[in-house]
Structures are given as C-alpha cells and as structure tokens.
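Analysis of the macromolecular model
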Amino acid sequence: MRITTVTGKISYVVGVFALILILNVFIFNRLVNPTFDVMIVAALNIAYVVIGVRIFRGAEENRTDPRPWWRATARPAAGFWIGGGLAVAAFISCVGALASDPEDAFIPSISCLSYAVLAAFYLNSSVRLRGMDTVG
C-alpha cells in the first residue's frame, strides 16, 4: 500500500494520531502508571512515523521498490520543515525536563528524546536528499 495524495497523507497522520490519543485516554491512562503511559505513547508515535515514511510516496518517487532506510520524505524541504518542527518540540520538552523537579522530569525527558530522534531522522534524510540533488 502506498499513500501518494496529500489527502491520504493528512488522513493517515490525523487518523493514527487520533487513534493513539483515544487509546491513551481510555486504555493506557487507566491501566498503567504515567511513566509507562508516556513510554507506550512515545513508542507508538515513533512507530506510526516509521510506518508512515515507509508507505508515503512523492509524485516522482518509485512506488514499487521500498524506500532506502534513511529516506523520510520525497524532497529535502519537507524533511527540513518537519525535522525543524520536531527539533523545536525536543527543545521545549528538554527545557521542561530541566525546569521540572527531578522526580517529575522523566515524562518530559522521554518526550525530548523521542522528538530528538525523529528530528535527527528527518534532518539526516533531508541532508542526504540535498546531496543527491547536487550530485545528479
């Protein structure tokens, strides 16, 4: 399955985000303590991004072959924007972790770490894609 339209991509992102939110509010939040809850939600968010970048395709991309493991977007600009937004979210979460009492810093630290990993993934992808554009 390949998602190639903007509508399909937005539907995937909003739909899976809503599903994770619903699962968190009605199941995870009630069954596990907040520490495990944030770890489960962070893992699900990373998983849905990884799955999304595997099934999304740009207009000029090959739709039959799998993407290289490092490629997150069809063009560098999209990865720079997404990676930049995730880097800002990582920074805000990191500031929140540093400003928290030590016993309350775990949850924003997990958020900071997961946002930072995703930001690095998108930014690395864009740097590599930009290099491919200048070589070819």
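You'll find the structure just up there.
Below, the structure is looked at part by part.

Cut-offs and rules
Residues numbered from 1 in each chain as written. Predicted model: local features only at pLDDT ≥ 70, side-chain atom pairs only at ≥ 80, totals over all residues. Heavy atoms only, no water. Helix = DSSP H or I, 4+ residues; strand = E, 2+ residues; numbered from the N terminus. Expected span 1.5 Å × (residues − 1). Buried < 20%, exposed > 50% of the residue type's maximum accessible area, 1.4 Å probe, protein only. Phe/Tyr/Trp six-rings, centres within 6.5 Å; stacked < 30°, edge-to-face > 60°. Patch = residues over 30% accessible without salt bridge, like charges linked within 9 Å, V, L, I, M, F, W, Y side chains within 5 Å. Areas by Shrake-Rupley, 256 points an atom, 1.4 Å probe, with all protein chains shown as cover. Salt bridge = Lys/Arg side-chain N within 4 Å of Asp/Glu carboxyl O.

Considerations on helix α2 (residues 34-55)
For α2, spanning 22 residues, the distance from its first C-alpha to its last is 31 Å, which sits close to the expected 32 Å at 1.5 Å a residue. Those residues of α2 lying buried are Asp 37, Val 38, Val 41, Ala 42, Tyr 48, Val 49, Gly 52, Val 53 and Ile 55.

A look at the packing of aromatic side chains
Per the stated rule, a full pass over the model turns up 3 aromatic pairs. With a centroid separation of 6.0 Å and 45 degrees between ring planes, the pair formed by Tyr 12 and Tyr 48 is classed as tilted. Here the residue Tyr 12 occupies a position in helix α1 (residues 6-31), and Tyr 48 occupies one in helix α2, the gap between them amounting to 36 residues. You'll find Tyr 12 and Tyr 48 in the same group, each marked buried. Note on Phe 121 and Tyr 122: the rings are 5.8 Å apart at their centroids and 70 degrees apart in plane angle, and the pair reads as edge-to-face. By relative accessible area, Tyr 122 is classed as buried at 9%. Here a set of aromatic residues connected by ring pairs shows up, and it is made of Tyr 12, Tyr 48 and Phe 56.

Details of a nonpolar patch on the surface
On the surface, Phe 17, Leu 21, Ile 22, Val 25, Phe 26, Ile 27 and Leu 31 cluster together into a nonpolar patch covering about 690 Å² of accessible area. With respect to the helices and strands, the residue Ile 27 is situated in helix α1. Judged by relative accessible area, Ile 27 falls into the partly exposed class, the value being 37%.

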